[in-house]
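One-letter residues, chain by chain:
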Amino acid sequence: MTVVERFLKYVTFDTESNETTGVTPSTPGQRVFAEELVKELQEIGLVDITLDDNSYVMATLPANTDKDIPVIGFIAHLDTSPDLSGKGVKPRIVSYRGGDIVLSENGPVVLSPKMFPELNDYVGQDLIVTDGKTLLGADDKGGVAAIISAMHYLKEHPEIKHGKIRIAFTPDEEIGQGADHFDVEKFGAEWGYTIDGGQIGELEYENFNAAGAKVTFKGLNVHPGTAKNKMVNASVLATQFTSWLPASQRPEHTTGYEGFIHLIAMSGSVEEASLSYIIRDHDRGLFEQKKQLLSTLVATMNQLYPESTRLELRDQYYNMREIVEPKKFIIDLAFEAMTTIGVTPIVKPIRGGTDGARLSFMGLPCPNIFAGGHNFHGRYEFLPVHSLEKSMETIVKITELLTYKY
């Protein structure tokens, strides 16, 4: 089975995660997919295959050399984003000759270079797309397919010498819980790579520091006919509060290394209102400043309206750069692997997070490598076949180069 055939099979599994269920995995489809992968790993001939109660899959490709080579790992996630349905995905391969791709006549839904100019980079290539009704699932079934295909290739080509390789597939990455129950000690690798990046060549070892914040406002509701000098409208307080935050720090006005404070949800009545934010910055100092700004504004609101406002603030993950950069050879190895197979590395910060960030702080340095897809989490998602194949080749080449260096 080729890496493309694997991918086309994997996207038919409905593995959309759900942050409201309170269980791991958050949806039963992830368990079904995990069990199918276990069967496939057994057929390939991997060993030490485990599937725990939380649906974390781990397996080993044994070393085929006596050289003392570090154990490394490759990791991808089972779930797809809850932003759009992943049920009933109908993938198809389009030989792209330029111009628009009509995904669906109903709507219509058109994948166009006018909206997505990166399509122009793939003229003459085969692209995997959907029928425009679901996401595709390249995030991260592209990574799953690349890892398993690479292990199968290495198994069938014993002339490529390698050390012990560990692989893992995690649930619920898309809802920020992919590393919650990951057993780093059991995994037993010195470092790893998540195969969860986007376009071909992406190599990432910097990500946002991240926190979540909820600001709750208590009001005083009386009849509006007799409200003068009595009513405190919690929704008005919420509106006033969010107006105090600098517009320049909203995500729609930031790029590159610039962080943001992003209002993601709001609700309210006269009696009670709430605002939910996510806070992101690559720089740890600026990250702390953004959190302090929220605390300061809450204190200001409580001065104006005593005991009206409460802040709940929780750090989510940190920039893996501080863990990975001292072990720069991990990045250099992946960089060399890409260039050796003809891929131009694109080293850039992630404007988001990854399981690798949390795993790095749990003791497993874990930068991120491309799986090849574009426009994740939506109906316009597409995956160039060549990019997926090169993701698999990168994994193989990393293991091969590592053997030469020891």
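Located above this text is the structure these notes cover.
Residues numbered from 1 in each chain as written. Predicted model: local features only at pLDDT ≥ 70, side-chain atom pairs only at ≥ 80, totals over all residues. Heavy atoms only, no water.

**Here we look at the overall build of the chain**
Helices and strands together make up the secondary structure of the chain, namely 10 helices and 17 strands. Taking 22 Å as the expected radius of gyration for a compact globule of 406 residues, we find that the chain reaches 23 Å, a close match to that expectation. Split by element, the accessible area of the chain, about 17400 Å² in all, is 50% carbon and sulfur. Averaging the positions of the 38 positive and the 55 negative side-chain charges in the chain gives two centres separated by 3 Å. (Helix = DSSP H or I, 4+ residues; strand = E, 2+ residues; numbered from the N terminus. Rg over C-alpha atoms; globule rule 2.2 N^0.38 Å. Areas by Shrake-Rupley, 256 points an atom, 1.4 Å probe, with all protein chains shown as cover. Lys, Arg positive; Asp, Glu negative; His and termini not counted. Charge placed at Lys NZ, Arg CZ, Asp CG, Glu CD.)

**A short note on the sheet that holds strand β7 (residues 126–129)**
As summarised here, the arrangement of the 3 strands in space is β4-β7-β17, forming an open sheet in which the pairing is antiparallel. Each edge of the open sheet is held by one strand with a lone partner, namely β4 (92–95) and β17 (383–384). Two strands pair when backbone bridges link them, and β4 and β7 are joined in this way by 4 bridges, in the antiparallel orientation. Bridge pairing in β7 places Arg92 opposite Val129. (Pairing = 2+ DSSP bridges.)

**Some thoughts on the packing of aromatic side chains**
In the structure shown here, the tally under the stated rule is 12 aromatic pairs. For the pair Phe116 and Tyr380, a centre-to-centre distance of 5.3 Å together with 45° between the ring planes defines the contact as tilted. On the criterion of sequence distance, the pair formed by Phe116 in the loop between β6 (109–111) and β7 and Tyr380 in the loop between β16 (368–370) and β17 is long-range, its members being 264 residues apart. Here the aromatic rings of Phe241 and Trp244 are separated by 6.2 Å at their centres, their planes lie at 45°, and the arrangement is tilted. With Phe241 and Trp244 both in helix α5 (residues 234–244), this residue pair falls 3 residues apart, about one helical turn. Given the relative accessible area of 0%, Phe241 is considered buried. (Phe/Tyr/Trp six-rings, centres within 6.5 Å; stacked < 30°, edge-to-face > 60°. Buried < 20%, exposed > 50% of the residue type's maximum accessible area, 1.4 Å probe, protein only.)

**Quick word on the pairing of strand β8 (residues 165–170)**
For β8, the buried fraction is high: 6 of the 6 residues fall into the buried class. On β8, burial covers both faces: Ile165, Ile167 and Phe169 on one face and Arg166, Ala168 and Thr170 on the other are all buried. The pairing of strand β2 (residues 57–61) with β8 spans 5 bridges and is antiparallel. Bridge assignment links Thr60 to a residue of β8, and that residue is Arg166. Pairing of strand β3 (residues 72–77) with β8 involves 6 bridges; the strand directions are parallel. The partner of His77 across the bridge, within β8, is Thr170.

**Digging into helix α10 (residues 385–404)**
With 20 residues, α10 ought to run about 28 Å at 1.5 Å a step, and its terminal C-alpha atoms sit 29 Å apart, in line with that. For α10, the tally of buried residues reaches 16 of 20 residues, placing the bulk of the element in the interior. (Expected span 1.5 Å × (residues − 1).)

**Thoughts on the pairing of strand β1 (residues 47–51)**
The pairing of β1 with β2 spans 3 bridges and is antiparallel. Within β2, the position partnered with Thr50 by the bridge is Met58.

**Focus on the nonpolar core**
Inside soluble globular proteins, nonpolar side chains tend to come together where they are buried. The biggest cluster of nonpolar side chains holds 81 residues, and the ones touching the most others in it are Phe74, Met151, Ile167, Phe169 and Tyr193. Element by element, the count of residues in this core is highest for helix α3 (residues 138–156), at 9 residues. Residues within four places of Ile167 in sequence aside, it is in contact with Leu41, Leu46, Val57, Met58, Ala59, Phe74, Ile147, Met151 and Phe187. Core analysis: the next-biggest nonpolar cluster, separate from the first, contains 19 residues, Ala211, Ala234, Phe241 and Val298 among them. (Core = buried A, V, L, I, M, F, W, Y, C linked by side-chain atoms within 4.5 Å. Contact = heavy atoms within 4.5 Å.)

**Re helix α1 (residues 3–10)**
Three or more residues of α1 are buried, namely Val3, Val4, Arg6, Phe7 and Tyr10. On an axial view of α1, the arc spanned by its buried residues comes to 160°, and they lie on one face. Buried positions along α1 lie against α2 (28–44), β4, β7, α3, β17 and α10. (Arc of directions from axis to C-beta.)

**Thoughts on unusual backbone geometry**
A negative phi angle characterises most non-glycine residues, just as the trans form characterises most peptide bonds. Of the consecutive residues Thr24 and Pro25, the connecting peptide bond is found in the cis state with omega at 0°. Tracing the backbone through its elements, the reader meets Pro25 in the loop between α1 and α2. Backbone torsion omega between Asp139 and Asp140 reads 10°, so that peptide bond is classified as cis. Mapped onto the secondary structure, Asp140 falls in helix α3. At Ser55, a position not held by glycine, the phi torsion is positive, near 70°. Mapped onto the elements of the fold, Ser55 is located in the loop between β1 and β2. Owing to a relative accessible area of 0%, Ser55 belongs among the buried residues under this scheme. For Glu307, which is not glycine, the phi dihedral falls at a positive 60°. Relative to the helices and strands, Glu307 resides in the loop between α6 (284–304) and β14 (309–317). On the basis of relative accessible area, Glu307 is assigned to the exposed category, the value being 77%.

**Quick word on the sheet that holds β8**
Taken together, 8 strands build an open sheet; the order of strands is β1-β2-β8-β3-β9-β16-β10-β15 and the sheet is mixed. Single-partner strands in this sheet number two, and they are β1 and β15 (346–347). Both strand β9 (residues 191–197) and β16 contribute to a ladder of 3 bridges, which runs parallel. The residue bridging Ile195 from the neighbouring strand is Ile369, located in β16. Those strands touched by α3 are β2, β3, β8 and β9, and its axis lies near 145° from that of β3. Lying on the sheet, helix α8 (residues 329–340) is in contact with β9, β10 (202–204), β15 and β16; it crosses β9 at an angle near 50°. (Axes fitted to C-alpha atoms, helices over the stretch in contact; angles between N-to-C directions.)

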